[in-house]
Amino acid sequence: MNSKRQPDDGDHTKRKRRKKREEVAQLCSILADDNVKSAVKTAWSHGAAYCHGNLELACQPFPHCIIKNFISNETFGENLQRELLDLNFHEKSNDLYKFKQSDDLKKRTEPHITGLRAALFGQFRCWLADVLGVELESTVDISCAKYQYTDVLLCHDDELEDRRIAFILYLVPPWKTSDGGTLDLYTTDSHYQPESVAKSLVPSWNTLILFEVSPVSFHKVAEVLSEDKCRLSLSGWFHGPSLDRPASHVETPVPRSPHLPRDETLLLEWVNPTYLDICYQEQIQGEFEDSSEIQLKNFLVEEKFMEVSEALKSADVQWTRRGPPNKRCYETASLDMLPPCVSACWELLRSEAFFLLLSNFTGLSLHYLCPNDDEEVKEEEEEESEQQDDYTRDGEATGSVTDPQSSSKTKDKEPSVPECSGELRQWSHGDYTLLHDAEAASAEYALDLILPFGCMDWQPEFGGYTSYVANEEDEELLTVHPEDNSLALVYRDRETLKFVKHINHRSSVQSPDKGSRRKHYDFSFVYYE
């Protein structure tokens with residue numbers, strides 16, 4: 001018996017077919033020039049600029065390299081674009097971004113996707129490793145993204161695990177700055193926090209951009225403003241040893257304060273009488289305790305609401321931009337320069353009478369007249385202790401049900417003073433807040449309050465809504481949309497975080513005053529028991 005396997009025509013045909021499945025991606029000839037590679041390596045290590053032919057290395061605001069005509073055979077790029085557009089894309093949307101993305105392309109078998117992947121993972125990875133003087137892993141993350149009208153990727157630094165180099169290859173139609181979708185690079189301050197956009201790179205056909213992932217590599221994809229163009233790109237990361245990262249900067253916390261000594265006269269002047277009815281407050285509390293959230297429509301007296309709405313639009317209010325942009329982007333009012341009616345509304349939300357009203361709405365211990373859980377526990381323990389004493393005197397039992405040490409702790413515990421912190425915020429196109437690690441680490445039980453103004457005809461498709469999510473989960477637990485004179489109350493635990501969704505271009509296009517930035521406002525408070 002002949003143990004040597006004979007060639008099989010069927011297998012041979014399959015092997016030939018598999019070979020044909022990969023088209024060769026010929027990369028820019030400048031990458032084969034050793035003199036250019038040496039010059040790029042020297043410039044990169046010294047933080048110097050360099051330009052030669054289709055390659056440009058810039059160092060501000062952080063090192064990045066632009067290679068035009070990255071794929072030298074034009075038809076390859078066109079066929080690659082067709083293959084990518086035929087992929088299945090998934091809608092991606094959270095606090096940081098909104099766009100469509102393919103699955104990872106590492107296992108795709110389309111000939112041009114396979115060919116580009118081979119070139120990136122092989123020839124180009126070796127070139128990069130030589131330029132940086134580091135060993136890059138053979139595995140490369142790569143996927144395809146489609147950005148269309150109002151899609152965006154907000155400010156971030158890409159730092160995660162062992163990412164070393166980020167890259168983007170654009171396969172876009174002719175593109176202008178007015179189409180949006182630029183890759184915006186940020187300057188950073190002394191705390192390695194992003195400040196402002198220093199450079200905007202307009203997408204261009206067959207252009208590859210790469211940069212080193214570092215503590216200062218903050219960037220974003222600006223919102224796409226074109227309604228008929230698709231910003232198609234391949235992007236991913238080369239992996240290798242991460243750069244050293246400094247300790248995270250700790251922001252100064254928003255100051256908290258106890259209530260202002262204002263009596264119920266303020267409530268009678270400002271709050272819709274319906275909400276001052278004790279029976280209705282009990283009904284509200286029941287609904288709130290069932291769901292931990294409620295919206296109270298027409299909360300303020302209509303006359304007061306309109307007066308504040310008009311005052312917020314006046315030039316008397318001074319607004320300041322709040323950042324940094326990797327955490328938030330909106331404007332807050334200077335509290336010492338408010339019109340009288342706005343200042344009075346601010347005092348209402350900080351007043352002792354309002355703290356008590358919130359206690360009645362929610363059952364939370366935000367006022368000394370509202371019984372708290374500790375007092376109820378103490379009463380129960382005292383009752384149990386008395387029952388146990390009676391039980392012991394009858395000679396039927398010995399010992400104590402209540403731990404004396406625990407009882408002592410209950411007696412010695414100082415009652416906490418309810419506090420609040422607040423902002424008066426202005427929102428317009430481009431504004432948002434993001435989730436971030438520091439917020440997750442410091443999360444605590446709290447009652448959120450939002451009271452919006454100037455958002456008549458506001459549509460959910462504009463963004464600008466407050467979204468509540470479970471920590472490390474993408475699924476939304478609750479969405480609070482801006483609605484005039486509708487007081488939103490949400491009680492959240494330590495595992496619940498919130499963000500305000502990016503306000504997109506539709507909000508300006510559909511503005512009553514065409515061409516102007518539609519604006520709305522809100523009082524945002526957090527109350528702590």
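Anything mentioned here points back to the structure above.
Residues numbered from 1 in each chain as written. Predicted model: local features only at pLDDT ≥ 70, side-chain atom pairs only at ≥ 80, totals over all residues. Heavy atoms only, no water.

For the chain, the count of helices and strands is 13 helices and 24 strands. In the chain, the share of contacts with a sequence separation of at least 24, taken over all contacts with a separation of at least 6, comes to 79%. Of the roughly 27,300 Å² that the chain leaves accessible, carbon and sulfur atoms contribute 47%. (Helix = DSSP H or I, 4+ residues; strand = E, 2+ residues; numbered from the N terminus. Contact = heavy atoms within 4.5 Å. Areas by Shrake-Rupley, 256 points an atom, 1.4 Å probe, with all protein chains shown as cover.)

So, about the packing of aromatic side chains. Tallied over the full model, the rule gives 23 aromatic pairs. Where Phe305 meets Phe453, the ring centres are 4.8 Å apart and the plane angle is 15°; that geometry is what we call stacked. One end of the pair, Phe305, is in helix H7 (residues 302-312); the other, Phe453, is in strand E19 (residues 446-453), with 148 residues separating them in the sequence. When its relative accessible area of 4% is taken as the criterion, Phe305 is described as buried. Between Phe525 and Tyr527, the aromatic rings sit 5.9 Å apart at their centres with planes inclined by 20°, giving stacked as the arrangement. When its relative accessible area of 1% is taken as the criterion, Tyr527 is described as buried. One aromatic cluster in this structure is built from Tyr275, Tyr280, Phe299, Phe305, Trp346, Phe354, Phe355, Phe361, Phe453, Phe523, Phe525 and Tyr527. A cation sits over an aromatic face here: Arg256 above Tyr528, 3.5 Å from the ring centre. (Phe/Tyr/Trp six-rings, centres within 6.5 Å; stacked < 30°, edge-to-face > 60°. Buried < 20%, exposed > 50% of the residue type's maximum accessible area, 1.4 Å probe, protein only. Lys NZ or Arg CZ within 6 Å of the ring centre and 35° of its normal.)

Helix length check: helix H6 (residues 278-291) (14 residues) gives 20 Å between terminal C-alpha atoms against 20 Å at 1.5 Å per residue, within 8%. Of the positions making up H6, those classed as buried are Gln281, Ile284 and Phe288. Here the buried residues of H6 occupy an arc of 60° about the axis, which is enough to place them on one side. Seen from the buried face of H6, the exposed residues on the opposite side, beyond 90 degrees, are Cys279, Glu282 and Asp290. Packed against the buried residues of H6 are strand E14 (293-297), helix H9 (352-362), E19 and strand E22 (486-492). Measuring from the side-chain oxygen of the N-cap residue of H6 to the backbone nitrogen of Cys279 gives 3.1 Å; that N-cap residue is Asp277. Immediately downstream of H6, the backbone of Ser292 shows phi near 65°, a positive value. (Expected span 1.5 Å × (residues − 1). Arc of directions from axis to C-beta. Polar contact = N/O pair within 3.5 Å; in protein donor to acceptor, adjacent residues only side chain to side chain.)

Here the focus is the packing of helix H8 (residues 340-350) against H9. Look at H8 against H9: their axes get within 5 Å of each other, and the N-to-C directions meet at 50°. Overall, the two elements H8 and H9 adopt an arrangement that is oblique. Contact residues: H8 offers Leu348, Leu349 and Arg350, while H9 offers Glu352, Phe354 and Phe355. (Axes fitted to C-alpha atoms, helices over the stretch in contact; angles between N-to-C directions. Parallel < 35°, antiparallel > 145°, perpendicular 65-115°, else oblique.)

Pairing is antiparallel in the open sheet, where three strands are placed in the order E21-E20-E23. Taken across any chain shown, the strands that pair with only one partner, and hence form the sheet edges, are strand E21 (476-480) and strand E23 (496-500). Across the sheet, the axes of successive neighbouring strands diverge by a mean angle of 20°, strand direction being ignored. Looking at chain direction, strand E20 (residues 466-470) and E23 are connected through five bridges and run antiparallel. Each residue of the ladder has a partner; that of Val469, found in E23, is Leu497. (Pairing = 2+ DSSP bridges.)

This part takes up the pattern of salt bridges. By the definition in use, this model includes 24 salt bridges. Across the pair Lys100 and Glu91 runs a salt bridge whose closest N-O atoms are separated by 3.4 Å. Overall, Lys100 belongs to the partly exposed group, its relative accessible area being 24%. When the shortest N-O distance is used, the salt bridge between Asp522 and Arg425 registers 2.8 Å. Taken together, the residues span a long stretch of sequence, with Asp522 in strand E24 (residues 520-528) and Arg425 in strand E17 (residues 419-427) at a distance of 97 residues. Within this structure, Asp104, Lys106 and Asp141 form a network of salt bridges that share partners. (Salt bridge = Lys/Arg side-chain N within 4 Å of Asp/Glu carboxyl O.)

In this section: the nonpolar core. A general feature of soluble globular proteins is that nonpolar side chains tend to end up buried together. With 48 residues, the main nonpolar core has Ile67, Phe70, Leu80, Leu84, Phe124, Leu210 and Leu234 as its most contacted residues. The element that contributes the greatest number of residues to this core is helix H4 (residues 111-132), accounting for 11 residues. Not counting the four nearest positions on each side in its chain, Phe124 is found in contact with Leu27, Leu31, Ile67, Phe70, Ala119, Leu208, Leu210 and Phe238. Counting residues in each nonpolar core, the second largest holds 45 residues, with Val308, Leu447, Leu449 and Leu489 among its members. (Core = buried A, V, L, I, M, F, W, Y, C linked by side-chain atoms within 4.5 Å.)

Within the element layout of this structure, Ser45 appears in helix H2 (residues 34-46). On the accessibility criterion, Ser45 (57% relative accessible area) is exposed. Within the structure, Ser45 has its side chain in polar contact with the side chain of His46 (distance 3.1 Å).

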